[in-house]
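# Examining the three-dimensional arrangement
Listed below are the residues making up each chain.
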Amino acid sequence: MGKNELYDILFRDQVDSLLVEHIIRRGDASQPRNHFHNHLEIYYLTAGERNYFMRDRTYHIRPGDLVVLSSNIVHRAYSTDNPCHERIILEVYKPMLESMQKLFGKHGPEETLEGIFGVLRLGAAEQVQVQSWIYSIMQEMREKQYGYEAMVQCITAEFLTFIIRRMSMETHTEHISPAKNTRMLEVADYLAAHSNQKLTLDEIAERFYISKYHLCRTFKEATGFTLAEYINTSRVMQARELLLTTNNSITDIAEETGFESSTHFGKVFKQYMGTPPLAYRKSFKGEFGIRGKGAGARKI
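Residues numbered from 1 in each chain as written. Predicted model: local features only at pLDDT ≥ 70, side-chain atom pairs only at ≥ 80, totals over all residues. Heavy atoms only, no water.

### Topic: the packing of helix α6 (residues 182–193) against helix α9 (residues 227–245)
Running from N to C, α6 and α9 cross one another at 40°; their axes reach a closest spacing of 9 Å. Taken together, the axis directions place α6 and α9 in an arrangement best described as oblique. Crossing geometry of α6 relative to α9 is assigned as right-handed. Residue-level contacts link Val 187, Ala 188, Leu 191 and Ala 192 of α6 to Leu 227, Tyr 230, Ile 231, Ser 234 and Gln 238 of α9. Here the residues of the contact of α6 with α9 sort into seven nonpolar, two polar and no charged. (Axes fitted to C-alpha atoms, helices over the stretch in contact; angles between N-to-C directions. Helix = DSSP H or I, 4+ residues; strand = E, 2+ residues; numbered from the N terminus. Parallel < 35°, antiparallel > 145°, perpendicular 65-115°, else oblique. Left-handed = near helix turned anticlockwise from the far one by under 90°. Contact = heavy atoms within 4.5 Å. Nonpolar A, V, L, I, M, F, W, Y, C, P; charged D, E, K, R; others polar.)

Right, dumping it as structure tokens:
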């Protein structure tokens, strides 16, 4: 597969609404800008270490940990002191989750996993089982024998069943302690809740009784985001929801979400989403069926 100086792509393929990617990274691999999406993401670390910020807490990820992240949760994976690591990601898109509804009955995986984010620290036997499912999926994708699409869906359904059951066993689900500086996670909560307002570095530093220099440096260490990146991410997420669920004008949405002007809104939105706000609305409105304003997320 693909190679460059920083990473090797060992496997990357997609079957219908499931994308699987297996990568070894040797250099700094912090995710650029924001990261949020419309699919279920399953992240399995096989070697190395990572920090993973999700919504309001930071996790330290080590080999054998399984990150489960539903749609529309702000997150960012970023490097520890040693950036080298190996990971496998499964991106499960809405059509596949919907197609599994008949297999699961009344409460399918899409509904059950809605709003979920967190980390499962797996035991040795569980790691072997998870790796078996993942490698079986990749083998089916690679060989493409008769019925491989159906096999991929069945194995994925079994894997999701394990995740749902494992998450329901609270006594066996380890909540990995957040980063030491919990004050910065309080800052993140504040920024997310007030991102539609005008926020200045002076005001934030004063509110949390901390110097501006220490605030900027420590927030980046604790979350992987700069203050500006996190505020813009929160604003873009709110704007995206309004674009998809209302008929509000671009000017009104820019004002509602805290942007200085519709021009500034359009520029930032395109940087984060890859397309201008109006074009995004025309392309995607009604497709994802977003419910509520990002509320109701549950931690594993």
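### So, the pairing of strand β8 (residues 85–92)
Counting buried positions over the eight residues of β8 gives eight, a clear majority of the element. Residues of β8 alternate between two faces, with His 85, Arg 87, Ile 89 and Glu 91 on one and Glu 86, Ile 88, Leu 90 and Val 92 on the opposite face, all of them buried. Bridge count for strand β3 (residues 40–48) against β8 is eight bridges, and the pairing is antiparallel. Within β8, the position partnered with Leu 40 by the bridge is Val 92. (Buried < 20%, exposed > 50% of the residue type's maximum accessible area, 1.4 Å probe, protein only. Pairing = 2+ DSSP bridges.)

### Section: α6
Between its terminal C-alpha atoms α6 stretches 17 Å, which fits the 16 Å expected from twelve residues at 1.5 Å a residue. Every buried residue of α6 is listed here: Met 184, Leu 185, Val 187, Ala 188, Tyr 190 and Leu 191. On its buried face, α6 sits against β4 (50–54), β5 (57–61), α7 (201–207), α8 (212–223) and α9. (Expected span 1.5 Å × (residues − 1).)

### Notes on the sheet that holds β4
Strand-to-strand pairing in sheets goes through backbone hydrogen bonds, with the strands running parallel or antiparallel. Read across the sheet, three strands follow the order β5-β4-β7 without closing on themselves; strand pairing throughout is antiparallel. The open sheet has two free edges, formed respectively by β5 and β7 (75–79), since each of these has just one partner strand. Adjacent strand axes in the sheet meet at a mean angle of 20°, parallel and antiparallel pairs treated alike. Taken together, the five bridges between β4 and β5 define a ladder with antiparallel strand orientation. Residue pairing across strands places Asn 51 opposite His 60, the latter belonging to β5. Lying on the sheet, α8 is in contact with β4, β5 and β7; it crosses β7 at an angle near 95°.

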